[in-house]
Amino acid sequence: MLQSRNQVLVIDWNLIKLMNNSSDFFTIVVTFIVAMMLMIMPLPDWARSYRPEWIALALIYWNIAVPKKVGVGIAWMLGLCVDVIQGALLGQHALGFAITAYIAIRFHQRVRVYPLHQQAMFVGMILLPYMSISLWILGILGKDPKTWVYWAPVITSVLVWPWIFLVLRAVRKTASIY
């Protein structure tokens, strides 16, 4: 009888650990859903070109904060979701997000100790390959943009990074995701 109680205790402990991990997963998924809502939110014509890369910013944050929970595979799946939502070539954003996630995870220990303004510059530098891949694919499809405004989301993403970082860090600490 004592052995069965110990086994029940072990099973309950594993259940508690599983619930804790699922709440972490749920919190991270909710932040990505909010980022997707910001991505599809209607904006005036003049502001559409300046929309920050919300999903990429959330992805970079989670890659830097908890790289073992949000990796390249999740980045690929997010990219496929963005491709479907935007009606883009399947894999266009997936490839860009996967490369972005790889770079963020590769340098996450260094970036964590940077002040916010240096982190923002790092975010801009790893958004450039993502935007370059998208530009390359658009060029192949014959839909390449003719103006510099294509690169405006990199600038606006750099400008909003400090607020994204602070909000997502508060969410992470509130949800105790480590």
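Parameters at a glance
Residues numbered from 1 in each chain as written. Predicted model: local features only at pLDDT ≥ 70, side-chain atom pairs only at ≥ 80, totals over all residues. Heavy atoms only, no water. Helix = DSSP H or I, 4+ residues; strand = E, 2+ residues; numbered from the N terminus. Expected span 1.5 Å × (residues − 1). Bend = angle between axes of the 7 residues up to and from the residue. Buried < 20%, exposed > 50% of the residue type's maximum accessible area, 1.4 Å probe, protein only. 1 Å grid on protein atoms, 1.4 Å probe; cavity = no way out; pocket = protein on both sides within 12 Å on 5 of 7 lines; lining within 4 Å. Points joined across faces, edges and corners; volume = space filled by probe spheres on them. Nonpolar A, V, L, I, M, F, W, Y, C, P; charged D, E, K, R; others polar. Axes fitted to C-alpha atoms, helices over the stretch in contact; angles between N-to-C directions. Left-handed = near helix turned anticlockwise from the far one by under 90°. Contact = heavy atoms within 4.5 Å.

Undergrad: An account of helix 8 (residues 152–174) is needed here, citing residue identities and associated values.
TA: Its 23 residues give helix 8 an end-to-end C-alpha distance of 33 Å, which sits within 8% of 33 Å, the value for a rise of 1.5 Å per residue. Maximal helix bending in helix 8 amounts to about 45°, located at valine 160; proline proline 162 follows within four positions. Along helix 8, the positions that sit buried rather than exposed are Ala152, Pro153, Val154, Thr156, Ser157, Val158, Trp161, Pro162, Ile164, Phe165, Leu168 and Arg172. Immediately beyond the C-terminal end of helix 8, within one or two residues, lies serine 176, with a positive phi of roughly 55°.

Undergrad: Before we move on, can you summarise the layout of surface pockets with the specific residues and values?
TA: One number sums up the size of the largest pocket: a volume of about 640 Å³. Glu53, Gln86, His93, Met131 and Tyr150 are the residues nearest the centre of the largest pocket, which is lined by 27 residues in total. Among the elements of the structure, helix 3 (54–65), helix 4 (72–86), helix 5 (92–106) and helix 7 (116–141) are those that each provide at least two residues to the lining of the largest pocket. Top element by residues in the lining of the largest pocket is helix 7. It accounts for four residues. A breakdown of the residues in the lining of the largest pocket according to their chemical character gives 15 nonpolar, seven polar and five charged. Contributing to the lining of the second largest pocket are Val30, Thr31, Val34, Ala35, Leu38, Trp54, Leu57, Ala58, Ile164, Val167 and Leu168. Here the lining of the second largest pocket takes five residues from helix 1 (residues 2–40), the largest share from any one element.

Undergrad: Hey, could you go over the packing of helix 3 against helix 7 for me, with residue numbers and the actual values?
TA: Orientation of helix 3 relative to helix 7, taken along the N-to-C sense of each, is 115°, at an axis distance of 11 Å. In this structure, the crossing between helix 3 and helix 7 has a hand that is right-handed. Each of Ala56, Leu57, Ile60 and Ile64 in helix 3 lies in contact with helix 7, whose residues at this interface are Phe122, Val123, Ile126 and Leu127. Residues of the contact of helix 3 with helix 7, tallied by class, amount to eight nonpolar, no polar and no charged.

No statement about biological role is implied by the geometric values presented.
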